[in-house]
Amino acid sequence: MSSGALSSDWAPTYAAVPRSSVLPDLMWPFDMEAGRSVAVSKADDPAKWQEYADSDAPIVTQWDDGKHAGADPGHVPTSSASMPSVVFPMLQALDLRPGHRALEIGSATLWNALLMAHRAGPGNVTTMEVDKALADAARATAERFGNCVRVIHGDGFQGYPEGAPFHRIIATCGLRSIPFAWVEQCEPGGIIVAPWGTHYSNGDAVARLVVAPDGKSASGQFAGPVEFMKLRAQRVAPVVHSDYVPGSVADGDETSTTITEAEFVGGQFTPQRFALGIRVPNCQHVIAEKRDGGRPVWLYGTTDRSWACAWFRDGETARVWQSGPRRMWDEAEAAYQWWEEKSKPGHERFGLTVTAEGQSAWLDDPADSWTV
């Protein structure tokens, strides 16, 4: 596990509830060296299976919403056992204590809920799973552990009012909109922890929200970047490029930009993608593979057919084309310049507030917020 990820107070729980105790015999851990998921069978290679189970690698446990069959990896991972170095910092942020009633959204293998139950006590943790097969498997796992966790098959986006109020709510799936129902079902002063991001990219950051004394809002800052499988009700369909650009990019209006590829694209978990996502609403961006020193980066509007393409080429000023009622590149460029002017803030300087009217993001000060 990554250094510092496991605090001393959670170490006994990690020892009492090892990840290997809930993993299926056939699983698909992510091989860091190969850069892809690989099939590992406990029956065929128990030593390798155990090695991965004890590792700090994410492990896919379901593909294609359960429609996948066979040992080879499927197309889209739809359930997993997260890396311990991601799981435990989120549990630390939750500040779960003995006797707390907690709701988890996304049961998966049940590992996270069992860890919570070890801390909060038997009968205090409820977990919700939208996938019936996964919920049934989680219920069977709960029985093996003495039914210390209640497993509910249902849409966690609605929360679980029958069990409210809760002291703590945690999501183990990526959110694009945190429902106010969770705020309503959490006690004043309670804590909500959830991976949150925008449709701009797949990246998330861990939001830690505290419910206000009047129960009418929840607000807090983000921790470090993560990436989770998205809540099924909030998945976004892949962009169909021809719906936006039926002809050539030359049909758009051409300009240029002095922003470089490295500055704009960054890395998978660098903060500019997160910042651009919360400053350019209703936008998906797609980074194409780099070929012959050139890379196109596309921006697509999610509420209309506006689009933009920035063509970055090594050693040259980037060319830009855009079309539609929105000037997508102009918005993105302005957002990048704003991020630079604010001293390139990291995830932890951003925050989120959720009310019955919706959600708003902010930088440093909740009073200076904007709708996302």
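Worth saying up front: this structure is predicted, and the values here are computed from it rather than measured.

Asker: Would you take a moment to explain the pattern of salt bridges for this structure?
Answerer: Where side chains of opposite charge bring their charged atoms close, a pairing between them can arise. According to the stated counting rule, one finds 18 salt bridges in the structure shown. Ionic pairing is found between Asp9 and Arg119, a salt bridge with its closest N-O pair at 3.4 Å. In this pair, Asp9 is assigned in the segment before helix H1 (11–16) and Arg119 in helix H4 (residues 111–120), connecting sequence segments 110 residues apart. Judged by its relative accessible area of 44%, Asp9 is partly exposed. Classification of Arg119 as buried rests on a relative accessible area of 15%. A salt bridge links Arg176 to Asp204; its shortest N-O distance comes to 2.7 Å. Placement of the pair is Arg176 in the loop between strand E9 (166–171) and helix H6 (180–184) and Asp204 in strand E11 (residues 204–211), with a sequence separation of 28 residues. Of the two residues examined, Arg176 and Asp204, each falls in the buried class. Shared partners join several salt bridges into a network, and the residues in it are Asp65, Asp131, Arg232 and Arg235.

Asker: I'm lost on H4 in this one. Help?
Answerer: Because an α-helix packs 3.6 residues into every turn, residues spaced three or four apart end up facing the same way. Most of H4 sits out of view: nine of its 10 residues are buried. Taken residue by residue, H4 has Trp111, Asn112, Ala113, Leu114, Leu115, Met116, Ala117, Arg119 and Ala120 as its buried positions. Following H4 by one or two positions, Gly121 has its phi on the positive side, about 110°.

Asker: Any chance you could explain a negative patch on the surface here in plain terms?
Answerer: Residues Asp44, Asp45, Glu51 and Asp54 make up a contiguous surface patch of negative charge. Along the polypeptide, Asp45 turns up in the loop between strand E3 (40–41) and helix H2 (46–53).

Asker: Honestly, the packing of aromatic side chains in this entry has me stumped. Any pointers?
Answerer: For any pair of aromatic rings, the description rests on two quantities: the centre-to-centre distance and the angle between the ring planes. Tallying each qualifying case throughout the model produces 16 aromatic pairs. Measuring from centroid to centroid gives 5.6 Å for Trp196 and Phe222, while their planes differ by 35°, and the two rings are tilted. Here Trp196, found in strand E10 (residues 186–196), pairs with Phe222, found in strand E12 (residues 217–226); they are 26 residues apart in sequence, far enough to count as distant. Comparing Trp196 with Phe222, the two get one shared label, buried. The positively charged end of Arg279 is found above the aromatic ring belonging to Trp338, 4.0 Å away from the centroid. A cation sits over an aromatic face here: Arg305 above Tyr244, 4.8 Å from the ring centre.

Asker: It is not clear to me how the packing of helix H9 (residues 271–279) against helix H10 (residues 328–341) should be interpreted in this structure. Could you clarify?
Answerer: When two helices pack together, their arrangement is given by the angle between their axes and by how far apart the axes lie. Put simply, H9 and H10 touch, their axes get as near as 9 Å, and they point 125° apart. By the criterion of interaxial angle, the relationship of H9 to H10 is oblique. Note on packing geometry: the crossing formed by H9 with H10 is right-handed. Note on element contacts: H10 touches H9 through Ala332, Ala335, Tyr336, Trp338 and Trp339, opposite Pro271, Gln272, Ala275, Leu276 and Arg279. Residue classes in the contact of H9 with H10 are distributed as eight nonpolar, one polar and one charged.

Quick notes on the rules
- Residues numbered from 1 in each chain as written.
- Predicted model: local features only at pLDDT ≥ 70, side-chain atom pairs only at ≥ 80, totals over all residues.
- Heavy atoms only, no water.
- Salt bridge = Lys/Arg side-chain N within 4 Å of Asp/Glu carboxyl O.
- Helix = DSSP H or I, 4+ residues; strand = E, 2+ residues; numbered from the N terminus.
- Buried < 20%, exposed > 50% of the residue type's maximum accessible area, 1.4 Å probe, protein only.
- Patch = residues over 30% accessible without salt bridge, like charges linked within 9 Å, V, L, I, M, F, W, Y side chains within 5 Å.
- Areas by Shrake-Rupley, 256 points an atom, 1.4 Å probe, with all protein chains shown as cover.
- Lys, Arg positive; Asp, Glu negative; His and termini not counted.
- Charge placed at Lys NZ, Arg CZ, Asp CG, Glu CD.
- Phe/Tyr/Trp six-rings, centres within 6.5 Å; stacked < 30°, edge-to-face > 60°.
- Lys NZ or Arg CZ within 6 Å of the ring centre and 35° of its normal.
- Axes fitted to C-alpha atoms, helices over the stretch in contact; angles between N-to-C directions.
- Parallel < 35°, antiparallel > 145°, perpendicular 65-115°, else oblique.
- Left-handed = near helix turned anticlockwise from the far one by under 90°.
- Contact = heavy atoms within 4.5 Å.
- Nonpolar A, V, L, I, M, F, W, Y, C, P; charged D, E, K, R; others polar.

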